[in-house]
Amino acid sequence: MNFWKMNGAGNDFLILNNLEEHLPLEQLPRIAKVLCERHLSIGADGLMVVDAPTEGGDYKMRFFNSDGSAGEMCGNGARCICRYGFETGLAGESQRIETTAGMVTGKRVSPRLYRIRLNDPTTVRLDCSVEVDGVRYECAYVELGNPGIPHAVVPYANLRQADQDELRELGRAIRWHNGFPKGANVNFYEITGEDTLYERTFERGVEDFTYACGTGTGSVVAVLTLQGKVSGHGVKVHMAGGELVIDAERVHSRIADLYLTGPTNIVCKGEVTDEELSLKGVE
């Protein structure tokens with residue numbers, strides 16, 4: 001199999017083109033789990049598979065977390081796959097990507113900068129506090145798309161200086177909290193200036209912090225825009241992997257349009273030779 005490895009603000013992905021590889025869909029979760037293991041294989045936060053469109057898009061994006069579970073959509077992944085689609089001739093500078101959570105539109109801003117329209121917020125609960133070990137934490141809950149990508153949005157003071165082990169345990173507890181039947185990606189944030197934030201995301205399916213989370217960043221800014229704490233225009237969000245910019249268009253009490261802009265990086269292209277990846281039953 002040929003692959004690309006890319007990252008968007010440190011959120012890293014492997015890309016396989018199933019228009020060429022013809023891999024059975026039932027094999028993809030196991031392929032993701034094997035190839036995304038950092039110490040034993042190539043390593044990544046997730047696997048994206050390009051497939052034939054069925055709903056009028058330029059192509060279909062199948063997304064799998066590093067544990068092999070299927071994901072509805074991935075914002076930074078979608079930006080990376082937009083660049084892949086443009087550079088491989090699958091689509092032009094503007095493109096339509098079919099995802100499990102719905103159609104995502106993407107645009108090439110410059111050779112490395114890409115902008116996507118995130119799936120619409122289909123569920124927004126601004127007051128959804130959770131209790132962990134007897135302590136109640138302020139929390140909002142957002143789902144993007146349908147079926148929705150679940151995100152908990154949690155303010156956290158002095159986030160940059162937080163004890164990482166304590167924060168990880170809190171993230172894990174909220175991720176599995178019984179108040180979120182689908183589980184949740186947990187986005188801790190701190191407002192650091194006018195329309196400027198710092199964010200850490202504990203991702204469902206990765207089960208740890210990632211360097212960036214595009215849909216999580218969009219969810220945080222959507223919540224803060226509805227709460228009147230940010231303008232919603234050109235909101236800069238800093239994280240371990242760099243900076244993402246969110247534009248959230250508020251119409252009365254809802255977010256009508258949500259855009260994610262950020263960098264892409266093609267890390268390497270090559271051939272998968274992992275000898276532990278035996279595709280049984282595949283010719």
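Residues numbered from 1 in each chain as written. Predicted model: local features only at pLDDT ≥ 70, side-chain atom pairs only at ≥ 80, totals over all residues. Heavy atoms only, no water.

(A) Focus on the UniProt feature "binding site: substrate" (unreviewed entry) in the chain. Per the UniProt annotation, the sites labelled "binding site: substrate" (unreviewed entry) are N11, N65, G75, N76, N185, E203, R204, G214 and T215. Structurally, the position occupied by N185 is in strand β14 (residues 185–193). The exposure class assigned to N185 is buried, which follows from its relative accessible area of 4%. Discounting residues that sit within four places of it in the chain, N185 has contacts with I149, P150, H151, A152, F202, E203 and R204. Within polar-contact distance, the side chain of N185 engages the backbone oxygen of P150 at 3.0 Å. Along the chain, T215 turns up in helix α5 (residues 214–226). A relative accessible area of 4% places T215 in the buried class. Setting aside its immediate chain neighbours within four residues, T215 contacts M73, C74, G75, L118, L144, I149 and H151. (UniProt positions renumbered as here; feature names shortened; annotations may be inferred. Helix = DSSP H or I, 4+ residues; strand = E, 2+ residues; numbered from the N terminus. Buried < 20%, exposed > 50% of the residue type's maximum accessible area, 1.4 Å probe, protein only. Contact = heavy atoms within 4.5 Å. Polar contact = N/O pair within 3.5 Å; in protein donor to acceptor, adjacent residues only side chain to side chain.)

(B) Main features of the packing of aromatic side chains. Following the criterion strictly, the structure yields 6 aromatic pairs and no others. Aromatic rings pair up to connect Y156, F188, F202 and F209 into one cluster. In this structure, R115 packs its charged tip against the face of Y259, placed 4.2 Å from the ring centre. Positioned above the aromatic ring of Y198 is the side chain of R160, whose terminal nitrogen or guanidinium carbon lies 4.0 Å from the ring centre. (Phe/Tyr/Trp six-rings, centres within 6.5 Å; stacked < 30°, edge-to-face > 60°. Lys NZ or Arg CZ within 6 Å of the ring centre and 35° of its normal.)

(C) Geometry of the pattern of salt bridges. The final tally for this structure, using the stated rule, is 17 salt bridges. Taking the shortest distance from any N to any O, the salt bridge between E98 and K60 comes out at 3.2 Å. Here E98, found in strand β6 (residues 94–99), pairs with K60, found in strand β4 (residues 59–65); they are 38 residues apart in sequence, far enough to count as distant. In terms of burial, E98 and K60 fall into one category: buried. A salt bridge links D120 to R117, with the shortest nitrogen-to-oxygen separation between them at 2.8 Å. Judged by its relative accessible area of 34%, D120 is partly exposed. The network of salt bridges with common partners includes K5, D12, R38 and D45. (Salt bridge = Lys/Arg side-chain N within 4 Å of Asp/Glu carboxyl O.)

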